[in-house]
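Structural characterization, general
Given next are the chains, with one letter for each unit.
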Amino acid sequence: MADTPRVVLIALDGFPLRSFRPAITPNLWRLGQAGGYCPEGGRSGLPSTTYPGFASLLTGLSSGATGVRTTARRPGAVPGWAGTDRTTTPTIVHLAGAAGLRAAVVTGDHELQKVLALDELERAWPPRAIVPAGTELDAHGYPTNAAVRGHALEAAADASLDLLFVQFNETDTVGHDSGPSAPATEACVRAADAIVGEIVQAIEPDWDRTVVIVTSDHDMARRLPLPSIDPTQGFDVAGLVDDWIADGCAAWVRLARGVDPHLAINRLSALEGVEGWRWREPATLLLLAAPGRVFASPSIPLAGIHGSAGTARTLAVVGGGHPAVSNIGRAIEERSPRLQDWAPTIACLLGIDLPLAEGLNMLEGCEATCSG
Ligand SMILES: [Zn+2]
């Protein structure tokens, strides 16, 4: 069936949005010029970190609803009061499979597969989230973009796949270690853009029925040489916090029993380096750091950080020859797409039901371009 739509969703983890320029990312730029892109970028939820972001991207739900609330892990907290480490919400990839379509995932972050239960899929690389021996790994232990490239190209060239999700992780690793504007990060971004160009080439024979979406999970900011924030330290906050877990420039905090939440918010948000907060449920708060600041944790990135409102921006580019591309392009040029808006849009394209989605179908009103 030559006219059934095909969706290729590419995600570049931690892509520094400032690098989306013709001189650095010529392939992404060309794709966006011909299709569409959001000049100020898309939006992620908070914390602006990897697992909550991808959970929203692939389920169409806010991070509160997926249960994936942080990328950090610590038994008791995650999984526990600060969220789950494996969501039970089916992703668009699961639902495509259930609808009889052929779907596949290729992920640089193999742990991401476990969080979204992608490791149970038939067509996933690395299979069952186990990185094959001999795979080249980056400084944080994830397959490099070069190692993922071949698997991504092979899947992109497979015209029998209705939905392909490819995630490249290395831009996040290098951004953390070197900083968002460092030469090493720019080199990594250029190399990732070159791979995107190769993927686009691999799709070429199938261009007319393909929608290519390129996104990221969050932005990356420079870490400033300032002390990390510990919301349990200091006279004003003594006794307020029962447990907490840092996620870069954000931190989930569980208030101690009997503490007046208004007093706690006043005191915690007045802490040096804290810029804001979000109220999630009784006794649970999300604290957000000021630009350049991070919360204390056993492993704080050296140079690049994310998690707060300042890094809640994503790449948002669409291309391809399918007639829906121009509609999506127009939608994202007019309004920043949220991560949870992509899954309902893809669902519309592929004719899949996504009953729980909170995101907006960007093709609403132009259903003629959808399969459903
Ligand atoms: Zn990261």
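Residues numbered from 1 in each chain as written. Predicted model: local features only at pLDDT ≥ 70, side-chain atom pairs only at ≥ 80, totals over all residues.

**Focus on the overall build of the protein**
To be explicit about the condition: A helix here means a DSSP run of H or I that spans at least four residues, while a strand means a run of E at least two residues long, and both kinds are numbered starting from the N terminus. Throughout, radius of gyration means the C-alpha value; the globule benchmark is 2.2 Å times the number of residues raised to the power 0.38. Using C-beta atoms placed from the backbone, we call a residue buried if 20 or more other C-beta atoms fall within 10 Å of its own, exposed if 12 or fewer do, and partly exposed for counts in between. A pair of residues counts as a contact when their C-beta atoms, built from backbone coordinates, are within 7 Å of each other.
In terms of helices and strands, the protein carries 11 helices and 15 strands. The C-alpha atoms of the protein give 20 Å as radius of gyration, which agrees with the globular expectation for 372 residues (21 Å, within 12%). Counting only C-alpha atoms, the protein reaches 65 × 45 × 45 Å along its principal axes. Out of the 372 residues in the protein, the part that is buried amounts to 54%. Restricting to contacts in the protein with at least 6 residues of sequence separation, those with at least 24 account for 70%.

**Here we look at the sheet that holds strand β1 (residues 6–12)**
For the record, the criterion: The criterion for strand pairing is that DSSP finds at least two bridges linking the strands in question. All axes are obtained by fitting lines to C-alpha atoms, using only the stretch in contact for helices, and the reported angles, taken between N-to-C directions, cover 0 to 180 degrees.
Pairing is mixed across the open sheet formed by seven strands, whose spatial order is β2-β15-β7-β1-β6-β4-β5. Here the strands that pair on one side only, and so sit at the sheet edges, are β2 (36–37) and β5 (124–125). As paired elements, β2 and strand β15 (residues 316–319) share two bridges and run antiparallel to each other. Residue pairing in the sheet places G36 in a bridge with V318 of β15. Lying over the sheet, helix α1 (residues 26–34) contacts β2, β7 (210–215) and β15, oriented at roughly 65° with respect to β15.

**Concerning α1**
This is how it is decided: What the arc covers is the set of directions going from the helix axis to the C-beta atoms.
Within α1 the residues assigned to the buried category are N27, L28, L31 and G32. Looking straight down α1, one finds that the buried residues subtend no more than 130° of arc, so they occupy a single side. Tucked into the core, α1 has its buried residues touching β2, α8 (183–203), β7 and β15.

**Section: the nonpolar core**
The condition is simple: Joined through C-beta atoms within 7 Å, a set of buried Ala, Val, Leu, Ile, Met, Phe, Trp, Tyr and Cys residues constitutes a nonpolar core.
Judged by nonpolar contacts, the single largest core of 75 residues is most densely connected at I10, I92 and V212. In this structure V212 touches V8, I10, L31, V200, I203, V318, G319 and G320, once residues within four positions along its chain are discounted.

**Examining helix α11 (residues 342–350)**
Extensive coverage of α11 is indicated by the burial of nine of its nine residues. Looking only at α11, the buried set comprises W342, A343, P344, T345, I346, A347, C348, L349 and L350. Contact partners of the buried residues in α11: β1, α2 (50–59), α4 (92–98), β6 (163–168), β7 and α10 (324–334). With its phi angle positive at about 75°, G351 sits one or two positions after the end of α11.

**Overview of unusual backbone geometry**
With omega at -5°, the peptide bond leading from L46 into P47 counts as cis. As for its placement among the helices and strands, P47 is situated in the loop between β3 (42–43) and α2. Omega for the bond connecting V78 with P79 falls within 30 degrees of zero, at 0°, which places this linkage in the cis form. Mapped onto the secondary structure, P79 falls in the loop between α3 (63–66) and α4. At A117, a residue that is not glycine, the phi angle is positive and equals roughly 55°. By the secondary structure assignment, A117 is in the loop between α5 (110–115) and β5.

**Considerations on the sheet that holds strand β11 (residues 274–281)**
Read across the sheet, four strands follow the order β9-β10-β12-β11 without closing on themselves; strand pairing throughout is antiparallel. The two strands at the open ends of the sheet, each matched to only one other strand, are β9 (241–247) and β11. This sheet shows a mean twist of 20° between the axes of neighbouring strands, independent of strand direction. The strands that helix α9 (residues 261–269) touches are β10 (250–255), β11 and β12 (284–289); relative to β11, the one it contacts most, it runs at about 155°.

**What to know about the packing of α1 against α8**
Quick note on the threshold: The scheme is simple: roughly parallel for angles under 35 degrees, roughly antiparallel for over 145, roughly perpendicular for 65 to 115, oblique for anything else.
One can describe the packing of α1 onto α8 by two numbers: an axis separation of 7 Å at closest approach and a directional angle of 50°. The angle between the axes of α1 and α8 places the two elements in the oblique class. Where α1 approaches α8, its residues P26, N27, L28 and L31 are matched on the opposing element by D193, A194, V196, G197 and V200.

**Here we look at the domain arrangement of the protein**
Cut-off, in case you're wondering: A domain assignment, automatic or from a database, supplies the domain bounds used here. Three classes are used: nonpolar for Ala, Val, Leu, Ile, Met, Phe, Trp, Tyr, Cys and Pro, charged for Asp, Glu, Lys and Arg, and polar for all others, with Gly counted as polar.
For the protein, the assigned domains read domain 1 (6–222 + 307–369) and domain 2 (235–300). Taken over C-alpha atoms, the centre of domain 1 sits 29 Å from the centre of domain 2. Tallying the contact residues gives 20 residues for domain 1 and 19 residues for domain 2. Grouping the amino acids of the side of domain 1 that touches domain 2 by side-chain chemistry returns nine nonpolar, eight polar and three charged.

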